[in-house]
Amino acid sequence: MTFMKKPAVHHSALPVNGLGYTVRDYEGGMSTLCAGCGHDSITAALIQACWELDIEPHRVAKMSGIGCSSKTPAYFLSQAHGINAVHGRMPSIATGANAANRELTYIGVSGDGDSLSIGFGQFAHAIRRNVDMLYMIENNGVYGLTKGQFSASADIGTRAKKCEINEQPPIEPVLTALSLGCTFVARSFSGDKEQLVTLIKAALRHRGFAMIDVISPCVAFNDHEGSTKSYAHTRAFYHPAIHTDFIEPKAEIRAEYAKGAAMPVKLHDGSTIVLRKVDVDHDPTDRARAFAYLERHREAHEIVTGLLYVEEEGRDLHSLNQTVPESLVATRLHDDQPAILEQVQKRYR
Amino acid sequence: MSGRVNDFTLKLATANGTGSASANTLLMKAIFRMGVPVMGKNYFPSNIQGLPTWYEIRVTESGDLTRSGVVHFMVAMNAETFAKDHAEVAAGGYLLYDSSWPRGRELNRDDIHIIGVPLAEMVNHHFTDARTRILMKNIAYVGALAALLDLDMQVIEDSLKETFGEKKARLVDANMQAAGLGYTYAKQHYDCPLPIRVKRTNLTDGHIVIDGNTTAALGAMFAGATVGAWYPITPSTSLMDAFKGFCETYRRNDKGEREFTVIQAEDELAAIGMVMGAGWMGARAFTPTSGPGISLMNEFISFGYYTEIPAVIFDVQRVGPSTGMPTRTQQADLTECAYAGHGDTRHICLYPADPGEAFELTIRAFDLAEHFQTPVFVVSDLDIGMNEWMVPELKWDENYRPDRGKVLSAGELEQLPGRFGRYLDPDQDGIPFRTLPGVHPAGAFFTRGSGHSKHGIYTEDAAEYQEVMDRLGRKFDTARRHVPPPQIEYVHPASKGGRKRARPTKCAIVSLGSCDVAVREARKKLLAGGTELDYCRIRAFPFTSELEDFIREHETVFVVEQNRDAQLRGMLLMETDADRDRLVSILHYNGLPIASSHVEEAVLTYLDKGQVA
């Protein structure tokens, strides 16, 4: 892989957002992933969501681990700092960066190998600390860069390209996140950009750890017949449980949703997401019921998507720590250091 | 043993979890407050309750704050280790035991003085509660020792008042009653004070008694660190505990909000990851750990070296390999720290000799980490970190300004001619400019542990990769001129005006860290016997030219260190042009702090027989 800079082409006709930027201002380097890779669609959705939300590009910190998915932060927001951590350790980098500077928007991109195998512990503990960030798992059930081994998210009975059958149960990121107390749990599909963009916007506005598990087929190693993470299989078993609309703080909520089916959830920055149930037996604000619903559909081999659980009242890393509102990047030296040293030392005389 | 006034070693053998640690600290503090220099060493088990533990107090008017290797007075309170403790007392010395139980046959030495005090019997008679009885037995021996060694009871009472404060004032009374029991019994049954005793002086003025984890924590706060991440591990744990404690008091704003974040990570891999994340973001961040933690952190340390992220890592060394002996001391992570991580990596390491220097070098570590944009190690050990040392009061330089290194501001980025390149070398010192996230779009770049060019762009190109590696090598060479130089002491120093150069001795000592106090006392004694030894104490890696010159001008250089494999000697051979045959190892690695007698004997043996042991 080499870095390829995209040629800067300016289309005067492109619409601008509230900051005067076009969507091109949110792009990054040229992708070097395989043609048709689900990850590229997710990158496009991220670009779209950040543009629509009027996020200042350089006020984002992009982070990832190692793997195909972890390459993607180079392909969006080239005006933002990015960091490629060691394999499976992006959550700790994100936690430390966020601890140091809570003023930025954090986007972490990971994969199923990165989050559910080598980095499973860090993934779990970042959820536990409720680090304020968007955490994307670009989930394809397979190790791409090392050419086709099963990952921990591979379903029982799924067949590898070399015909091997996986018999171990998968680690399921959505159920895992739910059981760990994650405050924003969603699943989507790289092939459903409309749903994905909305979910990303809601996740970026959520205060706390927002996880989106995105089924993202690997065209090179896991898109064949017999794979449960292929485009064909995902489309066949795709089951949106809930429809999500994202409404900016300034916009008015139109009351056209049928009573009982529409559920507005207010986010910390004042924006609102309106959830419209597709299935009446799913309640995205009740953890136990959400869990039961998901488990039922999993047994039926359905891939349930949408914002599956949300809790806006959870306290994030900084509210638990009662940190000052501003960044901690500046050294905190006080004028009275000599007096403090003098006072401290009294104890040791 | 004739009179030993202000010059003896007292050792207390107890079981852990019985409250003896506070009694022993009280004893040490009382001696310190009587103006007599004192050393305290705690040899404790990796256990919560019931295993043998010892506390060694050296009363040393001459200021030799190191283990002498001889015990003059033993307080043998632990039945389990009684025979061993009894045997350890030097001829002519004293043994105090709890005579509530008969120890007729075991007391089979006629070359030491035996002092029986029925501690349990008296305490059980006086106090009713079971736990109180256990705790007060310790205070009772403090009382007996006060009478025998002529300690000031008022000083003891004042210390107790400070410990318990207003709220628990009634505990002061109970403790003083217990102390009184021992004191009165000793007075009535023995000829107090003994010839071995403490005499008030004023040699501790301007000093404090403090451990090196506490001073390192203070250093971190004073250097302006705002993010700490850690995983608890002996013997480093108290460093973060102290940092948190100080920051809770001194680093909260008017609203009580914290100007710092301390995160207890899930493991050391995450702890160093958090430090890297915070360092990348631009905050001063650190993690305290010990050898096993460094082992786990290796992948990220290699990452930090190659991506050039500042970080401060404390290794409070304990005995390895593997879990080893977590509550015993060693210097066996010297190479682990200097070369941590896969690939070609070398790191700046600082080696404090005592808690006072731990404070100073911690502040230096933060400056060096940011100046050189790299992980920096403060290589301490259990002896420095957890034992209480008498050191001169810490001083604060009011002119201190943190060295935040080459960081481009938004304004500088605006005016930058051309594109920002993260790993360029505009100043030809190997140190590039960096930018912080969120400051300016022109500063954006992608930090990656994979091969990158000087512009920070992914590369697999041979020349581009090597260019960055060569510059990292130059950066390390620049650091050579910035790290603290060694401390060199000549027996025949240069004259003040510099007209006469130092005249080197034939033999010399090179050492580092907590060996310092033992080396100093050994040199003094050897000099009194006619053996002259110049001394060079290394304070940092990379090694500086002063050290190379020092080795060159001596025929034989004893390298004193606390590990089996002569790690420092190995590093000297690898990193300098030192002649292999000149470097003679003096090693100590049984988990106890090195004693001055060990160094002294090793030198004498070598000079006599041509080999150390």
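Right above here is the structure, for reference.
The following paragraphs examine the structure supplied in this document. What you see is a predicted model; the values in this text were computed from it and never measured.

Turning our eyes to something else, we now look at the overall build of chain B. When helices and strands are counted, chain B shows 19 helices and 23 strands. Expressed as lengths along the three principal axes of its C-alpha atoms, the size of chain B is roughly 90 × 65 × 45 Å. The long-range fraction of contacts in chain B, counting pairs at least 24 apart against all pairs at least 6 apart in sequence, stands at 74%. As displayed, chain B offers around 23500 Å² of accessible surface, 49% of which is attributable to carbon and sulfur atoms. Here chain B holds 64 positive side-chain charges and 79 negative ones, and the gap between their average locations is 2 Å.

Across the boundary between the two partners, chain B contributes 71 residues, which contact 59 residues of chain A. Both faces considered, chain B and chain A share a buried interface measuring about 5500 Å² in area, 63% of it formed by carbon and sulfur atoms. For the chain B face of the interface with chain A, the top three residues by lost area are B:Tyr250, B:Met281 and B:Phe446, together amounting to 12%. Viewed at the interface, chain A and chain B are joined by two salt bridges. A salt bridge links A:Arg349 to B:Glu393, with the nearest nitrogen and oxygen atoms 2.9 Å apart. Of all elements in the fold, only helix H1 (20-33), strand S9 (207-211), helix H7 (212-222), helix H8 (237-250), strand S11 (261-264), helix H9 (268-281), helix H10 (291-307) and strand S17 (446-448) of chain B reach the threshold of two or more residues within the side of chain B that touches chain A. Broken down by element, the residue count for the side of chain B that touches chain A peaks at nine residues, all from H9(B). Taken together, the residues that form the side of chain B that touches chain A break down as 39 nonpolar, 16 polar and 16 charged. Summarising the sheet, strand S2 (residues 81-84) of chain A and S17(B) pair through three bridges and their orientation is parallel. Counterpart to A:Asn84 in the pairing with S17(B) is B:Arg448.

The next subject is the sheet that holds strand S19 (residues 507-512) of chain B. Residues and elements named next belong to chain B. As summarised here, the arrangement of the five strands in space is S18-S20-S19-S22-S23, forming an open sheet in which the pairing is mixed. Whereas interior strands pair on both sides, the edge strands pair on one side only; in this sheet they are strand S18 (487-489) and strand S23 (583-587). Strand after strand, the sheet turns through a mean of 20° between neighbouring axes, direction not considered. Direction of pairing for S19 relative to strand S22 (residues 556-561): parallel, over a ladder of five bridges. In the strand pairing of S22, isoleucine 509 is matched with phenylalanine 558. Taken strand by strand, helix H18 (residues 567-575) contacts S19, strand S20 (533-538), S22 and S23, and its axis lies near 130° from that of S22. Across the sheet, helix H19 (residues 596-609) is in contact with S19, S20, S22 and S23; its angle to S23 comes to roughly 140°.

Thresholds, definitions, all that
- Residues numbered from 1 in each chain as written.
- Chains lettered and ligands numbered in written order.
- Predicted model: local features only at pLDDT ≥ 70, side-chain atom pairs only at ≥ 80, totals over all residues.
- Heavy atoms only, no water.
- Helix = DSSP H or I, 4+ residues; strand = E, 2+ residues; numbered from the N terminus.
- Contact = heavy atoms within 4.5 Å.
- Areas by Shrake-Rupley, 256 points an atom, 1.4 Å probe, with all protein chains shown as cover.
- Lys, Arg positive; Asp, Glu negative; His and termini not counted.
- Charge placed at Lys NZ, Arg CZ, Asp CG, Glu CD.
- Buried area = accessible area lost by both parts, 1.4 Å probe.
- Salt bridge = Lys/Arg side-chain N within 4 Å of Asp/Glu carboxyl O.
- Nonpolar A, V, L, I, M, F, W, Y, C, P; charged D, E, K, R; others polar.
- Pairing = 2+ DSSP bridges.
- Axes fitted to C-alpha atoms, helices over the stretch in contact; angles between N-to-C directions.

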